[in-house]
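Structural features, examined
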Amino acid sequence: MRRSRGSNTPRSRSFNTPSPAETALRYLLLLFVLLLVVGPFLWQLSTSLKGPTEDVWSATPHFLPDHPTVDNYLKVADTIPVWTYAANSLVVAGIAIFGNVVGCTLAGYALAKLRFRGVRLVFGLLLATLVLPGEATVVSQYVTVRSLGLADTLTGVALPGALSMLNVLLMRTAFAAVPPELEQAALVDGANVRQRLWHIGLPNVRGMLSVIVIFTFIGAWDDFLWPLIVLNDPQKYTLTVGLQYLNGTFSANPRLIAAGTMIAFLPIVVVFAVCQRFFFKGVEEGAVKG
Amino acid sequence: MTHRRWFTPWLLAGPALIWLAVFNLWPAANTVILSFTNAKPLGGGRFTGLDNYQRAFSDDQLADALLNSVIYLLICLPLLTVLPLLLALLVQRRLPGITFFRTAFYTPVVASAVVVALIWGWALNDRGLINGVLRQTGLADSPVPFLTDRWLLLLSAIALTTWKGLGYYMVIYLSALANVGRELHEAAAVDGAGALRRFLHVTLPGVRPTMVLVSVLISVSSLRVFSELYVLSNGTGGPGGRDMSVVMLIQMYSRGFTGHLGYASALSLLLFLITLGPMLLLTRLNRKAA
């Protein structure tokens, strides 16, 4: 927020400093929402650590496991190849991140910094793709992937999202914000396009690039509808599809399902917790407009 | 900026242009083409004129899905327009530890809808936590059929979508609040305006454009619902398959021996046209504001 330490006039300080009662009320509300929002995840984590003798169904369940065990994480792998699924999800996310970082950087730079015929048409077409909901094209997307011979493959899952038009537009915006004077100086020194992109462009768009990496990872890791349509072979499932498969087949043991959901959930939380400062920095500057 | 070779920009934008053509423009066009054929997941694809559209008109399941979408929208829209704004006001003030709360409130957003639906599906189960609590407190004698009743299942999915969306729209509001003039707030406070009046006369007008944007985003996303309904109903679409969304129908018709890609494409086109409504409304409102 911009209620920063900078403005230290007495009046703004008194306006800023809430009364102890207000602060207490705020924390109370914050904790209440925290319980509501994070509680279900913690409860699931706890269930995944409970042994077979512990009751997970009772109306007043013990929140903490009496005999914490990682057995469920080992056993879920006997039921479905959960680590293969995790690896599959990782492969899909890896392809998507690579494609978006390279492809969107190059295209974003060209659109923002190089003048060429047709640049406005390309920009217009990119914008037009944004009104198209992804769900409305999954069918024809599937037909395309199938005709490329990639139905029921992880490449087929990863390929359509490996270069997102939204990310091209975001990189274009990021490059456009780099002051042209920087490049002009390099141009005088005889730098070519590759050198200017590498030495002047890239260092100035690292923030946007990291946001794209985080959200491409989250998007690919969490995706459900598209891999569900492309994949048939249970060995090739990604984690989300595999979890739904587990739920449908062996709904009897909630401890195993809990362990499975945690395998899908924890990497995302770690990635987001580590990277959240990039994200919220943009928010505080009023940069996220939806 | 200058570049020595005329094709440099095309080289840089090349991959993005290929993806634009193959995975965005062509699928959009192909959806229209396919919708006039009887293409099946396992071959076929004869031109059948308006057959698919005629079929859509008399499809009871589609009528149910559209009704579900309307209910989804009517409930999600007010809840997700107001609650995240209140949440944003709660986490706006820089109290110690506020970054932790902001990050925590965003976790349901980064979690996969499958993970979230599995957790809630278990809690809403006949023997689950929520029914257990209801029975212990004497609010219900027999288990409430949250997941097996046509309307309760829909409401459960709506609750889940709302819960998962809180953090997402909170961040958008947080970004907007950062841009609402602090000076105005102070001036109003000096003039003796209480917290409620400051909210009504300073904050609310300041975030009104964002509220419009948020409600459009909510409308579009409640028309695109898939994972919540799919996982909560275990892929069945509830009793009699009446708890489906349009996207669930698209998924259903895009697979297997009973699949019908032509009909799924007609439904996709329908989905696109429906989501266009809120977006056109937004551009209209924006133009009026400007």
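Residues numbered from 1 in each chain as written. Chains lettered and ligands numbered in written order. Predicted model: local features only at pLDDT ≥ 70, side-chain atom pairs only at ≥ 80, totals over all residues. Heavy atoms only, no water.

1. Concerning the overall build of chain A
Formally: Where helices and strands are cited, they refer to DSSP runs of H or I of at least four residues and of E of at least two residues respectively, numbered from the N terminus. Between buried and exposed lies partly exposed: a residue is buried under 20% and exposed over 50% of the maximum accessible area for its type, with that area taken using a 1.4 Å probe on protein chains only. Contacts are residue-level and defined by heavy atoms, with any inter-residue pair within 4.5 Å sufficient. To be clear on the numbers: accessible area is Shrake-Rupley with a 1.4 Å probe, and residue cover counts the displayed protein chains and nothing else.
Secondary structure assignment for chain A yields 14 helices and 0 strands. Listing the helices and strands of chain A from first to last along the sequence gives α-α-α-α-α-α-α-α-α-α-α-α-α-α. Here chain A, with 290 residues, has 50% of them falling under the buried criterion. In chain A, 72% of the contacts between residues at least 6 apart in sequence involve partners at least 24 apart. Accessible surface computed for chain A: about 13700 Å², of which carbon and sulfur atoms make up 66%.

2. Some points on the overall build of chain B
Put simply, the rule reads: His residues and chain termini do not enter the charge count, which takes Lys and Arg as positive and Asp and Glu as negative. Just so you know, the charge point we use is NZ for Lys, CZ for Arg, CG for Asp and CD for Glu.
Within chain B, the regular secondary structure consists of 12 helices and 0 strands. The N-to-C order of helical and strand elements in chain B reads α-α-α-α-α-α-α-α-α-α-α-α. Dimensions along the principal axes, computed over C-alpha positions, put chain B at roughly 75 × 75 × 35 Å. Classification of the 290 residues of chain B by burial places 56% in the buried group. Summed over its atoms, the accessible surface of chain B is roughly 13100 Å², and 67% of this surface lies on carbon and sulfur atoms. If you average the places of the 22 positive and of the 12 negative side-chain charges in chain B, the two averages end up 12 Å apart.

3. Points about the domain arrangement of chain A
Interface extent is often summarised as the accessible area lost during association of the parts. All names here are of chain A. Convention followed: Segment limits for the domains were obtained from an automatic or database-derived domain assignment. Two parts lose some accessible area (1.4 Å probe) when they are put together, and adding that loss for both gives the buried area. Basic side-chain nitrogens of Lys or Arg form a salt bridge, by our definition, when they fall within 4 Å of a carboxyl oxygen of Asp or Glu. Within 3.5 Å is the distance limit for a polar contact, defined as a pair of N or O atoms, with the added protein rule that one can donate a hydrogen and the other accept it, and that residues adjacent in sequence qualify only through two side-chain atoms.
Along its sequence, chain A is carved into domain 1 (10-69) and domain 2 (76-284). If you average the C-alpha positions of domain 1 and of domain 2, the two centres end up 32 Å apart. Each side of the interface is counted separately: domain 1 has 11 residues, and domain 2 has 8 residues. It is Phe41, Gln44 and Ser48 in domain 1 that bury the most area against domain 2; as a group they hold 48% of the surface buried on that side. Run the count over domain 1 and domain 2 and you get 0 salt bridges. Linking domain 1 with domain 2 are 2 residue pairs in polar contact (both at pLDDT 80 or more), by the criterion used here.

4. As for empty space enclosed by the protein
What counts here: A 1.4 Å probe that fits but cannot get out identifies a cavity on a 1 Å grid over protein atoms alone, an open set with protein on both sides within 12 Å along at least five of seven lines counts as a pocket, and a residue lines either if it has an atom within 4 Å of a point. Grid points are joined across faces, edges and corners, and a volume is the space filled by probe spheres set on the points. Under the scheme applied here, ten amino acids are nonpolar (Ala, Val, Leu, Ile, Met, Phe, Trp, Tyr, Cys and Pro), four are charged (Asp, Glu, Lys and Arg), and all others, including Gly, are polar.
Scanning all chains against the criterion turns up 1 cavity of 30 Å³ or more. Taken as a whole, the largest cavity encloses approximately 40 Å³ of empty space. Taken together, Ala107, Leu111, Val122, Leu126, Met165 and Val168 of chain A together with Ala13, Ala16 and Leu17 of chain B make up the full set of residues lining the largest cavity. Mapped by element, the contributors of at least two residues to the lining of the largest cavity are α4 (82-113), α5 (119-129) and α8 (165-176) of chain A together with α1 (8-34) of chain B. At 3 residues, α1 of chain B tops the list of elements feeding residues into the lining of the largest cavity. Split into classes, the residues belonging to the lining of the largest cavity amount to 9 nonpolar, no polar and no charged.

5. Quick look at helix α5 (residues 113-124) of chain B
Residue and element names in this part refer to chain B. Counted only if it meets this: One less than the number of residues in a helix, times 1.5 Å, gives the span that helix is expected to have.
Taking 1.5 Å of rise per residue, the 12 residues of α5 would be expected to cover 16 Å, and the 16 Å separating its terminal C-alpha atoms lies within 8% of that figure. By the criterion of burial, α5 is predominantly enclosed, with 11 of the 12 residues buried. Of the residues making up α5, those classed as buried are Ala113, Val114, Val115, Val116, Ala117, Leu118, Ile119, Gly121, Trp122, Ala123 and Leu124.

6. With respect to the confidence of the model for chain A
Residue and element names in this part refer to chain A. Convention followed: Residue-level confidence of the predictor, termed pLDDT, takes values from 0 up to 100.
Per-residue confidence for chain A gives a mean pLDDT of 85, with 88% of residues at or over 70. Every residue in residues 1-14 is under pLDDT 50, and counting partners more than four places away or in other chains gives 23 contacts. Predicted confidence for residues 286-290 stays below pLDDT 50, and this span has 12 contacts to residues more than four positions away or in other chains.

7. Quick look at the interface of chain B and chain A
Facing the 101 residues of chain B at the interface are 107 residues of chain A. Roughly 9400 Å² is buried in total at the junction of chain B and chain A, and carbon and sulfur atoms are behind 70% of that figure. Our enumeration of links across chain B and chain A arrives at 2 salt bridges. Between Glu22 of chain A and Arg93 of chain B there is a salt bridge, with the nearest N and O atoms lying 3.9 Å from each other. The tally of links between chain B and chain A comes to 15 residue pairs in polar contact (both at pLDDT 80 or more). In terms of residue class, the side of chain B that touches chain A is made up of 63 nonpolar, 27 polar and 11 charged.

8. Concerning a nonpolar patch on the surface
Residues and elements named next belong to chain B. For clarity, the cut-off: Like-charged residues are merged into a patch within 9 Å and nonpolar side chains (Val, Leu, Ile, Met, Phe, Trp, Tyr) within 5 Å, provided each residue has over 30% relative accessible area and no salt bridge.
Side chains of Trp6, Phe7, Trp10 and Leu11 sit close together on the surface and give an oily, nonpolar patch of about 480 Å² of accessible area. Along the chain, Trp6 turns up in the segment before α1. Given a relative accessible area of 67%, Trp6 falls into the exposed group.

9. Focus on the packing of aromatic side chains
Operational definition: Pairing of aromatic rings covers Phe, Tyr and Trp, the last counted by its six-membered ring, and requires centre-to-centre distances within 6.5 Å; plane angles under 30 degrees mean stacked, over 60 mean edge-to-face, and any other angle means tilted. Charge over a ring is defined by NZ of Lys or CZ of Arg lying within 6 Å of the ring centre and within 35 degrees of the ring normal.
The tally for this structure, following the rule as stated, stands at 21 aromatic pairs over all chains. Ring centres of Phe41 of chain A and Trp163 of chain B lie 5.7 Å apart, and the angle between their planes is 35°; on these two criteria the pair is classed as tilted. A residue pair is termed interchain when its members come from two chains, as with Phe41 of chain A in helix α2 (residues 20-48) and Trp163 of chain B in helix α7 (residues 150-179). Note on accessibility: Phe41 of chain A and Trp163 of chain B belong to one class, buried. Between Trp43 of chain A and Trp122 of chain B the ring centres are 4.7 Å apart and the planes differ by 10°, which places this aromatic pair in the stacked class. Of the two residues, Trp43 of chain A sits in helix α2 while Trp122 of chain B sits in helix α5, which places them in two different chains. Neither Trp43 of chain A nor Trp122 of chain B differs from the other in exposure class; each is buried. Through pairs of rings, three or more aromatic residues link up here, namely Tyr27 of chain A together with Phe100, Phe101 and Phe105 of chain B. Sitting above the plane of the Phe123 of chain A ring, Arg172 of chain A keeps its charged end 4.1 Å from the centroid.

10. Some points on the pattern of salt bridges
Once the charged atoms of two side chains with opposite charge are near each other, the side chains can pair. Summed over the entire model, instances satisfying the criterion amount to 7 salt bridges over all chains. Via salt bridges that share partners, Asp64, Arg150, Arg242 and Asp243 of chain B belong to a single interconnected network.

11. Describing the environment of Gln244 of chain A
Among the secondary structure elements, Gln244 of chain A is positioned in helix α13 (residues 239-249). For Gln244 of chain A, a relative accessible area of 7% gives the class buried. In the structure, Gln244 of chain A is positioned 17 residues away from Thr261 of chain A in sequence and 9.8 Å away in space, judged by C-alpha atoms. Ignoring any residue separated from it by four or fewer positions in sequence, one finds Gln244 of chain A in contact with Phe224 of chain A together with Tyr230, Val231, Asn234 and Gly235 of chain B.

12. Section: the side chain of Ser35 of chain B
Residues and elements named next belong to chain B. Tracing the chain through its elements places Ser35 in the loop between α1 and α2 (51-57). At 2.7 Å, the side chain of Ser35 forms a polar contact with the backbone oxygen of Val32. Sequence-distant contacts of Ser35, defined by excluding residues within four places in its chain, comprise Gly49, Asn52, Tyr53, Gly262, Ser265, Ala266 and Leu269.

13. With respect to the side chain of Asn68 of chain B
With respect to the secondary-structure elements, Asn68 of chain B resides in helix α3 (residues 60-92). Only 3.1 Å separates the side chain of Asn68 of chain B from the side chain of Arg150 of chain B, close enough to count as a polar contact.

14. Some words on helix α9 (residues 195-223) of chain B
Rules: For a residue, the bend is simply the angle between two axes, fitted respectively to the seven-residue segment ending there and the seven-residue segment starting there.
With 29 residues, α9 of chain B extends only 36 Å from end C-alpha to end C-alpha; this falls clearly short of the ideal 42 Å at 1.5 Å per step. The axis of α9 of chain B is deflected most strongly, by about 50°, at Arg208 of chain B, and proline Pro209 of chain B appears within four residues downstream.

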